Amino acid sequence: MIALSRLHTFRAALLLVMALLVVLTACGAPAAPGEGGTGGNAQKTLVVAVPGDIDTFDPAFTAGSITSQTTIQNTYDQLEQYKLIEQTAPDGYKYWIADTGAIEPMLAASREVSSDGKTVTWKLRDNATYHDGKAMTASDIVGGYKRLYEVGGSASFLLAMGGATTPDAFKAVDDKTITMQLDAANELVFMNNVMHNTSSISPEHIEKVASPNDPLGKQELKKNLAPGNGPFVFEEYKPGDRVVLSAYAGYYAGKPKLDRVIMKIVPDATQRLLLLKSGDVDIVHEPPVKELDALKQDPNIRVLSIPTTRSVHLQLNHEIAPFDNQQVRQAVAYATPYDSIVKDVYKNYATRSMSLVTKGMPGHDPSFWTYNTDLDKAKEALAQAGFAGGAGLPPIKLSVRIGNEEDERTAVLVANNLKQIGMNVTIEKIAFAAFNEQQQAGKLQFFVDNWISWVNDPFYHLSWLARSDSPANYGRFKNARVDDLIKQYTLSTDQDARLAAVKEIQQIMAEDVSHVYLVQPNWNVPMRKNIQGYAYLNDELPRFFYMDKQ
Amino acid sequence: MSNFNTLPAAALVDGDDAAPQGARLADAWWTLRHNFTSMIGLVLLTIILLAALLAPLIAPYDPYELDLARATLPPNSSHWFGTDQFGHDIFSRVLYGARLDLLIALASVAVSAVIGSVIGGVSGYVGRFVDEATMRLMDMLQAFPRFIFAMGIAFALGPGLLTVIVATAALNIPGYARLMRNLILSLKQTQYAMSAVAIGNSGPRVLFRHLFPNALAPILVTSTLQSGWAILEAAGLSFIGLGVAVPTAEWGVMIAMGLQEFLQGHWWVYTFPGLAIGVTVLAFNLIGDGLQDLLDPRRTP
Amino acid sequence: MRFLGYAIRRLLWVIPVLLGVTLITFLLTRVLPGNPIDRVAGPFASAEQKAEMMREARLDLPVIQQFSLYVRDLVVHGDLGVSYSTARPVAQDLWERLPISLELTTLGMLLAIVLALPLGIASAVAKDTWVDQLGRVVSVIGVSMPIFWLGLILLQVFFVKLGVAPAPLGRLATSLIEPERITGWLLIDSALVGDWAVFRSAAAHLALPVVIVAFTALAPLARMTRSSMIDALESDYIRTARALGLPTRVIIFQHALKNALIPILTMIAGVFGYALGGEVLVELVFAWPGLGTYSYNAILASDFPAIQGFILLITLFYVLIYLVVDLLIAAIDPRVEYA
């Protein structure tokens, strides 16, 4: 009796379990390939896996999110743009890169500069319209620029750097003519004027969304994209999931080749690659470098690897012991395993960096950085600093951002070499918000950092990284001569004197061991083989207009 | 995370109807010896403890010896568990990891047991308004999502070993407070306690000299279970980067390092440290599970 | 009447708990390092702009004042503030993600209950036999494994090696489009509109995480079932029933189980609340876009409003589950005193 009833219990339980498992596993069959695809019509949809979500739709405030920046870059045009030149990769793939020495018209049809170099006149092209059909006039563009100043967007900062210090610098002379008045003649202002930050929103739209509390429409424009004037129209945004753009049929330079672009938000790098392999996405940004060789084995995938001017370096805080001592910094420079970082961390998808003014920037000079991995010299330098064998060193923390695998590996290799000269270093992983705060406050002692300047100009670059009063000088390098040179030559039009000054600065920084320069990583873009026409610019934002899918 | 693991123990001693008697340590030993699975747990734990203590003697390699020439080797005769992406020997790291993870578990449990017991003991002994207020505060703390609470604390304190200990300890204080309070409430009513007061002992003296020692066994039983969960939670924190950092030989960190190797099929990098966690927690849980009967007032051992 | 009084008192108690939890969260988030404004503002922002943003976010006020304004907005407008990182109302973010996590947790719990009840009952009936020991070991193993690791192992086997599980990339194949939200549960919504491709894909993506949630929820449920069944089986009236010669099946399922149900119910409620709040690691491993992932990102970004909103929601959920269970017990069990 008991046995029988137990049997019943088990049978009932077993049935239930099996039923549930059947439900789960019956559905557990993998999705058939191509299932739910675009469905056979000739629509060309490009799916891009991006790491981050949108944080704003206001071009004035895109600081944190690359996805926001990409959305704005592809839905808005600027007055001018870099000239793109076609390149051919070793495997025959054709792609575009920017010629950062040449700037071409975009929304403007022409530019004229007065003989004193201080008055710039642009004539707008006739056929440009906003996505809501409204024709574009000079006062639209000027109104957009004025708002950038009024809200204090990043563009106003950059334009002021180039001598257009107030909103009144911009004037609409007639329907199609814009002038910009500069304090001093210079070339930098044009380079600072080609990025998505200077996208200008029509004042009519601003008026429409403004409210008494919010006359500049800051709240509304943060949440909703204003009608753009670029090659793509913003279609849909699902937070945490996707941003969808569609081709703008009325684009003055012709309808883009792609019909739709879906930016799929996938924070995890490994997961982005899985999606690429399965064919669910066409192109991936910021892949983990160590996976690239294996990806190349996949017959459907191409890995485009483009050299960049990005600098990855160790920051040694000049205001925190023991790195306030030049000889300690020297010891680190000798102890760092440069080749191993290029080979084992970046798998040769990077080259060694020899200056903060990286290769590819005007004025780059690798000859001053004479440090190679040499543990004996490192020990010697440490001893001369008064810390022979590491005795007497304060505790040292080497900080990296959570989620950055290459930085983490670099830190492990650096710490391992430092241990061999007697410097015991603890690695500390910090979440980005906390990392940024501590970095900006100058509280990080020793950390792996990187920087790429969107403007390929050494003085723009050094204004950020080497001026003692720059908010981005996180290692607190300070040198009066360097400060003077940067101030003197940033807006100079004397090219030879500028290049000479860049050399002198690089020499001073190398001698002082301002940073420990590690690598210039490539910009790696794994993509399905049917994707064509990738375009790389220093802002690292893709230009979907140039791309196609076969 | 297996956050709800506290529930079996808590549920048995929770509520005012369950008023466990102070059990003695001898009872605990008796229970253990007569419970087959608990004995298995005890044997496992002994082996793990030995491995941790003797790690420098057993480990074939320095757990921090970095050698990129032998990175991500699958298990073989010289590296039984293979190597990770830095060429660290995983077997050696698993052994050394036992030291760190057991240390975290013991420290975390000790901290929470002491603080929680004092809070609960005082609350239960003083009673009335103090008791009510304390217990309601504990209610609130227990209403927090456990792992999120730990993440918040870990993030606030910054990464590191101490952080992990504090974060995991903080989670368990309310549980101990509640347990100790209920124990004290029931012990207070015993002849023994009443006579201690009657012969003129002061309140704190009765509490600390007479009542606490009698509550020791249930606290120890709970601590056994808590140790297992502390290891799980600590590993979870390290796994998401809020705990101990790379390249520390800690099991959670090692699994996180293995995650980076997942796509390349280097399964051994995360499998062995995970097994080590599983076996250790299992050992604690088997012992604790057997001992739980002690907490149940309705059953005599 | 006494029940009504109890219910009202019990209901009122929810308010101070939620207030307390909110206050503690408030204090905790204010200790978090990382000024969220710095990140939102970016390196170009001037000091005045940052100050203005601080003002907008009320971060310039004393914490207690921030707290009272927060509570006022919450009570008066149901407003949880705006997330710093997504720039959207936190209430909206949570509302969109809640069903995503609930679907996973609920299915996991259902599977766990279906497995745990027979296991627990069998262990109780066959107390101290090998069946009991086996049940004990199985359920203890369930709570001993780190679930993020278990996730990796299952993925290694079913995704990498066997290729039967989909990639751990959220709830649905990217090529598919989610149906309009009705309940927010993909299985239900897709079934309602008859989109079976979505249904299949959603179920496939759910399978592994559901098994993991179930595996860890199994142990406490099975153990509780066992111990309350043992209590019930050893109670006087069951002994009487046995003596009267009632069939064992009737005794177990009609009498003992009914009496053991209350602690089991309480346990289910507790485990459910914990599972929902503790799902972060499962969600992270499977890129599940639910509340766990949201809270993780919020903590890393020092996104105060998002963290507060999330904790408040989970706590509310947790407290309400317990409330319902307590009231249920009070209603059906005459032995409960309404103290």
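Remember, it's a predicted structure, so these values are computed and weren't measured experimentally.

Conventions adopted
Residues numbered from 1 in each chain as written. Chains lettered and ligands numbered in written order. Predicted model: local features only at pLDDT ≥ 70, side-chain atom pairs only at ≥ 80, totals over all residues. Heavy atoms only, no water. Helix = DSSP H or I, 4+ residues; strand = E, 2+ residues; numbered from the N terminus. Areas by Shrake-Rupley, 256 points an atom, 1.4 Å probe, with all protein chains shown as cover. Contact = heavy atoms within 4.5 Å. Buried area = accessible area lost by both parts, 1.4 Å probe. Polar contact = N/O pair within 3.5 Å; in protein donor to acceptor, adjacent residues only side chain to side chain. Nonpolar A, V, L, I, M, F, W, Y, C, P; charged D, E, K, R; others polar. Axes fitted to C-alpha atoms, helices over the stretch in contact; angles between N-to-C directions. Parallel < 35°, antiparallel > 145°, perpendicular 65-115°, else oblique. Left-handed = near helix turned anticlockwise from the far one by under 90°. Salt bridge = Lys/Arg side-chain N within 4 Å of Asp/Glu carboxyl O. Pairing = 2+ DSSP bridges. Buried < 20%, exposed > 50% of the residue type's maximum accessible area, 1.4 Å probe, protein only. Domains from an automatic or database assignment. pLDDT = per-residue confidence, 0-100.

**Observations concerning the overall build of chain B**
- A tally of regular secondary structure across chain B gives 12 helices and zero strands.
- For chain B, the α and β elements follow one another from N to C terminus as α-α-α-α-α-α-α-α-α-α-α-α.
- Here chain B displays about 10,800 Å² of accessible surface, and carbon together with sulfur accounts for 68% of that area.

**Description of the interface of chain C and chain B**
- On the chain B side, the residues contacting the 58 residues of chain C number 53 residues.
- Note on chain C versus chain B: buried area summed over both sides is about 4,900 Å², and carbon and sulfur give 76% of it.
- Linking chain C to chain B there are six residue pairs in polar contact (both at pLDDT 80 or more).
- Looking at the side of chain C that touches chain B, the elements with two or more residues in it are helix 1 (2-31), helix 6 (130-144), helix 7 (147-161), helix 9 (196-234), helix 11 (248-277), helix 12 (280-285), helix 13 (291-300) and helix 14 (304-332) of chain C.
- For the side of chain C that touches chain B, the class distribution of residues is 43 nonpolar, 12 polar and three charged.

**Some details on the packing of helix 10 (residues 203-239) of chain B against helix 11 (residues 251-259) of chain B**
Residue and element names in this part refer to chain B.
- Look at helix 10 against helix 11: their axes get within 7 Å of each other, and the N-to-C directions meet at 40 degrees. In terms of axis orientation, helix 10 runs oblique to helix 11. Note on packing geometry: the crossing formed by helix 10 with helix 11 is right-handed. In this structure, helix 10 uses A235, S238 and F239 to contact helix 11, whose residues at the interface are G252, V253, I255, A256 and L259.

**Digging into the interface of chain A and chain B**
- Taken together, the 20 residues of chain A in the interface contact 17 residues of chain B.
- For the chain A face of the interface with chain B, the top three residues by lost area are R409, V412 and K429 of chain A, together amounting to 27%.
- Seen at the junction of chain A and chain B, the total is one salt bridge.
- Its salt-bridge partner being E261 of chain B, residue R409 of chain A comes within 2.8 Å of it at the nearest N-O pair.
- For the pair chain A and chain B, the number of links is four residue pairs in polar contact (both at pLDDT 80 or more).
- Secondary structure elements with two or more residues in the side of chain A that touches chain B: helix 8 (269-278), helix 11 (338-345), helix 13 (405-420) and strand 16 (425-430) of chain A.
- Per-element tally for the side of chain A that touches chain B: the top contributor is helix 13 of chain A, with seven residues.
- Of the residues contributing to the side of chain A that touches chain B, the split by class is eight nonpolar, three polar and nine charged.

**Points about the pairing of strand 4 (residues 108-113) of chain A**
Residues and elements named next belong to chain A.
- Strand direction decides the pairing type here: strand 4 and strand 5 (residues 119-124), joined by five bridges, are antiparallel. Paired with E112 across the two strands is T121, which belongs to strand 5.
- Between strand 4 and strand 5, which pair antiparallel one after the other, the connecting turn spans five residues, and G117 there sits at a positive phi close to 80 degrees.

**A closer look at helix 11 of chain A**
All names here are of chain A.
- By the criterion of burial, helix 11 is predominantly enclosed, with six of the eight residues buried.
- If you check which residues of helix 11 are buried, you get Y338, S340, I341, V342, D344 and V345.
- Once helix 11 finishes, K347 follows within two positions and takes phi at roughly 50 degrees, a positive value.

**Quick look at the domain arrangement of chain A**
Residue and element names in this part refer to chain A.
- Domain annotation of chain A identifies domain 1 (42-304 + 524-549) and domain 2 (311-521).
- For domain 1 versus domain 2, the separation of C-alpha centres amounts to 31 Å.
- Opposite the 26 residues of domain 1 that make contact, domain 2 presents 19 residues.
- Summed over both partners, the interface of domain 1 with domain 2 comes to about 2,000 Å²; 65% of that surface belongs to carbon and sulfur atoms.
- By the criterion of area lost to domain 2, the three top residues of domain 1 are V289, K290 and N538, representing 28% of everything that side buries.
- The interface formed by domain 1 and domain 2 contains one salt bridge.
- Every element with two or more residues in the side of domain 1 that touches domain 2 is listed here: helix 4 (154-161), helix 5 (188-191) and helix 9 (292-296).

**A word on the environment of L111 of chain C**
Residue and element names in this part refer to chain C.
- Mapped onto the elements, L111 comes out in helix 5 (residues 90-125).
- The class of L111 is buried, set by a relative accessible area of 4%.
- Each C-alpha atom, one on L111 and one on A217, is 9.2 Å from the other, the two residues being 106 residues apart in sequence.

**As for the confidence of the model for chain A**
- With 92% of its residues at a pLDDT of 70 or more, chain A has an overall mean of 89.
- Here residues 1-40 of chain A is a poorly scored stretch, pLDDT under 50, and it has 37 contacts once near neighbours within four places are set aside; other chains count.

**A closer look at unusual backbone geometry**
- Cis rather than trans, the peptide bond between A321 of chain A and P322 of chain A has omega equal to 0 degrees.
- You can see P322 of chain A is positioned in the loop between strand 13 (311-316) and helix 10 (326-335).
- Note that the residue after V246 of chain B, namely P247 of chain B, is joined by a cis bond; omega there is -5 degrees.
- Here P247 of chain B is to be found in the loop between helix 10 and helix 11.
- Positive phi is not limited to glycine here, since E540 of chain A has a value of about 60 degrees.
- Tracing the backbone through its elements, the reader meets E540 of chain A in the loop between strand 21 (535-536) and strand 22 (548-549).
- The backbone phi angle of S302 of chain C is positive, close to 50 degrees, even though this residue is not glycine.

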